[in-house]
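Chain residues, written in single-letter form:
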Amino acid sequence: MTTQLHICHHPLAQHKLAILRDQKTEPKKFREVVRELAMMLVIEATSDLPLTPLPITTPMGATTGHKLAENVGLIPILRAGLGMVEGALTMLPFAEVWHIGLYRDERTLRPVEYYNKLPVSPTVQVCLVLDPMLATGGSAVATVDILKRWGAQRIKFVGLIGAPEGVKKLSEAHPDVQIYLAALDDHLNDIGYIVPGLGDAGDRQFGTA
Ligand code: PRP
Ligand code: URA
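Reference entry: report on the structure contained in this document. (Residues numbered from 1 in each chain as written. Chains lettered and ligands numbered in written order. Predicted model: local features only at pLDDT ≥ 70, side-chain atom pairs only at ≥ 80, totals over all residues. Heavy atoms only, no water.)

### Things to note about the pattern of salt bridges
Part 1 of the argument: Taken as a whole and assessed by the stated rule, the structure comprises ten salt bridges.
Part 2 of the argument: As a salt-bridge pair, Lys16 and Glu36 come within 2.9 Å of each other at their nearest N and O atoms. Of this pair, Lys16 sits in helix 1 (residues 11-21) while Glu36 sits in helix 2 (residues 27-45), placing them 20 residues apart in sequence.
Part 3 of the argument: We classify Lys16 as buried; its relative accessible area is 18%.
Part 4 of the argument: In this structure, the salt-bridge partner of Arg79 is Asp203, at a minimum N-O distance of 3.1 Å. Of this pair, Arg79 sits in the loop between strand 4 (72-78) and helix 3 (85-91) while Asp203 sits in helix 6 (residues 201-206), and the two are 124 residues apart along the sequence. (Salt bridge = Lys/Arg side-chain N within 4 Å of Asp/Glu carboxyl O. Helix = DSSP H or I, 4+ residues; strand = E, 2+ residues; numbered from the N terminus. Buried < 20%, exposed > 50% of the residue type's maximum accessible area, 1.4 Å probe, protein only.)

See the structure below:
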């Protein structure tokens, strides 16, 4: 499996993930925990961002702090990725948010693009693609394809649960894209759902089962 895969083994992440997996968890709680996990995973995914020195003055005198050297873009894949935006913005309040709308055709499992709000040319140096589920990997690969055609240079995928099939597909199509997840699950079932997974991340957030 790819060396670009990072699993967050933090006890808080694993505790929160169990809440999401539980079929009894209601949408309100589900959304809250998606937001919290997104925050944790974004911290991991940004741990290698470059810094530039920043001269500052504390009440005690002059010193040198740091600030991020690059602009970060958040690219949530609609719908389910929406739930990760607020947590990501909590950590990156200056990030730009560019939405991509994709849904999986239930028969073919292929992603269908229905919305793209990217500006004409890239405005950020680092793109974090947000989507809780990496199942077949079709949606993630299609989004990275779109971002690369747009001119994005550095792209990371930030999700919650991945299937081995999706991780393989994304890392083979785009070996430069690092993948951040809270769990790598067992397999996909015959209708493309992650097992054990958490069900349909969009439906569980938005109460549309
Ligand atoms: C889900 C999920 C991903 C996609 C993952 O979205 O949020 O975008 O499926 O599956 P894949 O790896 O096989 O492409 P879905 O298509 O159900 O749309 P929704 O978010 O609007 O519910
Ligand atoms: N999309 C989901 O929301 N859940 C899955 O298990 C697979 C794709």
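Right, picking up where we left off after that structure.
### Considering the site of ligand 2
Part 1 of the argument: The local shell around ligand 2 consists of Arg104, Met133, Ala135, Gly192, Tyr193, Ile194, Gly199, Asp200 and Ala201.
Part 2 of the argument: Interatomic distance of 2.8 Å between a backbone N/O atom of Ile194 and an oxygen atom of ligand 2.
Part 3 of the argument: One of the backbone nitrogen or oxygen atoms of Ala201 is found 2.8 Å away from an oxygen atom of ligand 2.
Part 4 of the argument: When the free accessible area of ligand 2 is taken as 240 Å², the share hidden by the protein chains comes to 89%.
Part 5 of the argument: Grouping the constituent residues of the shell around ligand 2 by class yields five nonpolar, two polar and two charged. (Near = heavy atom within 4 Å. Polar contact = N/O pair within 3.5 Å; in protein donor to acceptor, adjacent residues only side chain to side chain. Areas by Shrake-Rupley, 256 points an atom, 1.4 Å probe, with all protein chains shown as cover. Nonpolar A, V, L, I, M, F, W, Y, C, P; charged D, E, K, R; others polar.)

### Considerations on helix 2
Part 1 of the argument: The end-to-end C-alpha separation of helix 2 is 26 Å, in line with the 27 Å expected for 19 residues at 1.5 Å each.
Part 2 of the argument: Here helix 2 has its buried residues at Phe30, Val33, Val34, Leu37, Ala38, Met39, Met40, Leu41, Val42 and Ala45.
Part 3 of the argument: Close packing links the buried residues of helix 2 with helix 1, helix 3, strand 8 (126-130), strand 10 (154-158), strand 12 (178-181) and helix 6. (Expected span 1.5 Å × (residues − 1). Contact = heavy atoms within 4.5 Å.)

### Focus: the site of ligand 1
Part 1 of the argument: Taken together, 14 residues sit near ligand 1, with Arg104, Asp131, Thr136, Gly137 and Ser139 positioned nearest.
Part 2 of the argument: Between an oxygen atom of ligand 1 and a main-chain N or O atom of Ala135, the distance comes to 2.9 Å.
Part 3 of the argument: Between an oxygen atom of ligand 1 and a side-chain N or O atom of Thr136, the distance comes to 2.5 Å.
Part 4 of the argument: Relative to its unbound accessible surface of 490 Å², ligand 1 loses 90% to contact with the protein.

### What about the packing of aromatic side chains?
Part 1 of the argument: Counted by the stated rule, this structure contains one aromatic pair.
Part 2 of the argument: Pairing Tyr103 with Tyr114 gives two aromatic rings, centres 6.0 Å apart and planes at 35 degrees, and the pair type is tilted. Here Tyr114 lies in strand 7 (residues 111-116) and Tyr103 lies in strand 6 (residues 100-104), a separation of eleven residues in the sequence.
Part 3 of the argument: Overall, Tyr114 belongs to the partly exposed group, its relative accessible area being 44%.
Part 4 of the argument: When the ring centre of Tyr193 is taken as reference, the NZ or CZ atom of Arg104 above it lies at 5.4 Å. (Phe/Tyr/Trp six-rings, centres within 6.5 Å; stacked < 30°, edge-to-face > 60°. Lys NZ or Arg CZ within 6 Å of the ring centre and 35° of its normal.)

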